[in-house]
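Observations on the model geometry
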Amino acid sequence: MVKANVGSVTLEEKTLLSGNNHIVVSYPVKDGLKGLTAGTAVKLESGKIEHLAADTDDAIGVLYKEAELDESGKTKDASALVVIFGAVKKSSVSYTDAGTACTEQLVEKLRKNGVYAIN
């Protein structure tokens, strides 16, 4: 006699992407930054990405994945994948190193550059 439990397993990947059409590009990261998690809106300064200081900054895109950190917990000679075109989930988007929630002003800045933060 064999007793067995029958069940199922559901695998689910949490992603900030919405839809199927995106352009993701690798950019170098400014040295010494913290808090570059997936969904962080970034700007381009001197060829390297960094946090937005305010929701009025010109956001070029949103980080697709967390930026790699060195042993001190900061970026150094790192690169990061940035969504520069396509739709992302607004609830997953933030800005500043503190992770401030996405605002309507930031939604508009991203939209002007081809990234659509939607509900």
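Cut-offs and rules
Residues numbered from 1 in each chain as written. Predicted model: local features only at pLDDT ≥ 70, side-chain atom pairs only at ≥ 80, totals over all residues. Heavy atoms only, no water. Helix = DSSP H or I, 4+ residues; strand = E, 2+ residues; numbered from the N terminus. Buried < 20%, exposed > 50% of the residue type's maximum accessible area, 1.4 Å probe, protein only. Contact = heavy atoms within 4.5 Å. Polar contact = N/O pair within 3.5 Å; in protein donor to acceptor, adjacent residues only side chain to side chain.

**Here's the deal with the overall build of the protein chain**
Across its full length, the protein chain carries one helix and eight strands. Beginning at the N terminus, the succession of helices and strands in the protein chain can be written as β-β-β-β-β-β-β-α-β. Going through the 119 residues of the protein chain one by one, you find that 36% of them count as buried. The contacts of the protein chain with a sequence gap of at least 6 include a subset with a gap of at least 24, amounting to 61%.

**Here we look at the side chain of Thr 40**
Its place among the elements puts Thr 40 in the loop between strand E1 (17–28) and strand E2 (41–45). There is a polar contact of 2.8 Å between the side chain of Thr 40 and the backbone oxygen of Thr 37. Those residues in contact with Thr 40, other than ones at most four positions away along the chain, are Gly 35, His 51, Gly 61, Val 62, Leu 63 and Ser 94.

**A word on unusual backbone geometry**
Outside of glycine, negative phi angles account for most residues, and trans bonds account for most peptide bonds. Residue Ser 46 is not a glycine yet carries a positive backbone phi of 55 degrees. For Thr 96, which is not a glycine, the phi torsion comes out positive at approximately 70 degrees. Examined against the element boundaries, Thr 96 turns out to sit in the loop between strand E6 (94–95) and strand E7 (100–101). Residue classification places Thr 96 among the buried positions, given a relative accessible area of 13%.

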